[in-house]
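This is what each chain is made of:
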Amino acid sequence: MPAEFKPAEWVHSSNIYEVNLRQYTKEGTFASFATHLPRLKDMGVEIIWFMPVTPISVKNRKGTLGSYYACSSYVATNPEFGTINEFKTLVQQIHALGMKVIIDWVANHTGWDHEWTISNPEYYTQDHEGNFKPPVENWEDVIHLNFYNPALRAAMIDAMKFWVTDCGIDGFRCDMAMLVPVDFWAEARRALDQFRPLFWLGEFDQWNDEPFAHVFDVSYTWHWMHVSEEFYKYKKPVVELDKALDGYKHRNPVTHLQSFFTSNHDENSWNGSEYEKYGNMALPLAVFSCTWAGVPLIYSGQELPNNNRLAFFDKDEIEWTDKPRLHTFYQQLLQLRKQHAVFAGKNNAAITWRIATTQPEQVFCFVRKNGDAELLVLLNFSDQPVRIFLHDMRVRGNFTELFSGKSYNSADEFALERWGYLVLQKA
């Protein structure tokens, strides 16, 4: 596939914040979420991703409220959240603060009582008796769409156009993108990017679904997530982390970016919070996600931090405090990314390389460099305090640590607490 699509320049130093609107506030509405916007702006959030805002099917729904991902219309809002006009107002408020908005788009399937089941049943995959059917086992609350039908494709793109032209969104997070033919996504992008350049985040991993990376700006890092979890739980060697990252580095297209994360709605609800999965390694992994080459993703409540699994099909409100404990932690990391050229993405002068240290099995160390801008990151991925020296002649000079403000020289001995981290900017 030709290199037809490339991310906008602003994507390379941006970040994504996923909003679970149902659980975000007691009311679970667009208007109540808006009260959090100044806090999120202050934290450094740049792209707000809303889980699906469309109405949820009643037939065969799971739990009391059903799945966000079982919609009954592509061109309406869930009345529990608010009206279309209230959503438009929210988009305007977000834009006024200089942030962008993307919405979750579920193209692979709808709920059982979607309006198309009446108006256009031919849009769906059907069995030999003409019955609708789920796309995969255990997804009994949704039914599969048929992308071999050109009319379905046209209707889907028309529905997506509504959110771009009428509601003013800036792009899409495309759910289970690898289950939908890649040529559909290319067709949709050609049609919708004509209105303005949009941001395209695909739920797939470039390790397994490389063709999709030619259409989407950013994809998930499920492979890295699984490898890092196994590293923590089963004390795997550090070389496994390097192999995972190296695999992303050599995949095409080189302009495609990965999103690194320690949590999202699926992981939190089904596999546990980042603290269940990574224990005390969660924070140094969060530092990694925000400083390695890519686009970091933060999930609702991680700034608290939230240690709970949020119910997927029922109301389960996040327990906010007046001052989320990790607000400043994320604020410093996200603002650092935005302010310095070192964090620009892969299609320019920014480079990233691993650094050898005197404790290679405990400390994961790397440098990011762009011209004179240089960032040195040291992560203690172990439960023991360490003291190390760097083993790389390319790293020279004085550095200032992000969180403490302390000065260091590259020749110094660096001390890290158990599961500690240092983020050092070249002076």
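The rules behind these values
- Residues numbered from 1 in each chain as written.
- Predicted model: local features only at pLDDT ≥ 70, side-chain atom pairs only at ≥ 80, totals over all residues.
- Heavy atoms only, no water.
- Pairing = 2+ DSSP bridges.
- Helix = DSSP H or I, 4+ residues; strand = E, 2+ residues; numbered from the N terminus.
- Axes fitted to C-alpha atoms, helices over the stretch in contact; angles between N-to-C directions.
- Contact = heavy atoms within 4.5 Å.
- Buried < 20%, exposed > 50% of the residue type's maximum accessible area, 1.4 Å probe, protein only.
- 1 Å grid on protein atoms, 1.4 Å probe; cavity = no way out; pocket = protein on both sides within 12 Å on 5 of 7 lines; lining within 4 Å.
- Points joined across faces, edges and corners; volume = space filled by probe spheres on them.
- Nonpolar A, V, L, I, M, F, W, Y, C, P; charged D, E, K, R; others polar.

Chemist: Any chance you could explain the sheet that holds strand 3 (residues 100-105) here in plain terms?
Modeler: Backbone-to-backbone hydrogen bonds join strands into a sheet, with any given pair of strands oriented parallel or antiparallel. Read across the open sheet, the eight strands follow the order 9-8-7-6-3-2-1-10; overall the sheet is parallel. Looking at which strands have only one partner, the edges of the open sheet turn out to be strand 9 (257-259) and strand 10 (297-299). Taken pair by pair, the neighbouring strands of this sheet meet at an average axis angle of 30°, ignoring direction. With four bridges joining them, strand 1 (residues 16-19) and strand 2 (residues 47-50) adopt parallel strand pairing. Paired with Glu18 across the two strands is Trp49, which belongs to strand 2. In the packing of helix 4 (residues 84-96) onto the sheet, contacts are made with strand 2 and strand 3, and the angle to strand 3 comes to roughly 140°.

Chemist: Please clarify how the pairing of strand 19 (residues 421-426) should be interpreted in this entry.
Modeler: Both faces of the sheet carry side chains from a regular strand, because those side chains alternate between them. Judged from the five bridges that link them, strand 13 (residues 373-380) and strand 19 form a sheet pairing that is antiparallel. Bridging from a neighbouring strand, Leu375 pairs with Gln425 of strand 19. Pairing between strand 16 (residues 398-401) and strand 19: three bridges, direction antiparallel. Among the inter-strand pairings, Thr400 is bridged to a residue of strand 19, identified as Gln425.

Chemist: For this particular structure, what's the right way to read the pairing of strand 6 (residues 171-174)?
Modeler: Alternating positions in strand 6 separate into two faces, Gly171 and Arg173 on one and Phe172 and Cys174 on the other, with burial throughout. The sheet contact formed by strand 3 and strand 6 spans three bridges and is parallel. Its bridge partner being in strand 6, Trp105 is matched across the sheet by Cys174. As defined by bridge partners, strand 6 adjoins strand 7 (residues 199-205) across four bridges and the pair is classed as parallel. Paired with Arg173 across the bridge in strand 7 is Leu201.

Chemist: How do you make sense of the sheet that holds strand 15 (residues 390-391) when you look at a structure like this?
Modeler: Spatially, seven strands are ordered 15-11-12-13-19-16-17 in an open sheet, and the strand pairing comes out antiparallel. Where the open sheet ends on each side, the last strands, each with one partner, are strand 15 and strand 17 (407-409). Lying on the sheet, helix 9 (residues 238-249) is in contact with strand 11 (351-357) and strand 12 (363-370); it crosses strand 12 at an angle near 30°. Packing against the sheet, helix 12 (residues 282-291) makes contact with strand 12, strand 13 and strand 19, and its axis sits at approximately 160° to strand 13.

Chemist: Quick question: what am I supposed to make of empty space enclosed by the protein here?
Modeler: The probe, sized like a water molecule, is rolled over the atoms to show the empty space still left. The final tally for this structure, using the stated rule, is five cavities of 30 Å³ or more. Counted as a void, the largest cavity has a volume near 60 Å³. Considering only enclosed or pocket space, the second largest cavity measures out at about 40 Å³ in volume. Lining of the second largest cavity is provided by Phe261, Thr262, Ala286, Ser289, Cys290, Leu297, Ile298, Gln302 and Tyr330. Those elements that provide at least two residues to the lining of the second largest cavity are helix 12 and strand 10. The dominant element in the lining of the second largest cavity, judged by the number of residues it contributes, is helix 12, at three residues. Of the residues contributing to the lining of the second largest cavity, the split by class is six nonpolar, three polar and no charged.

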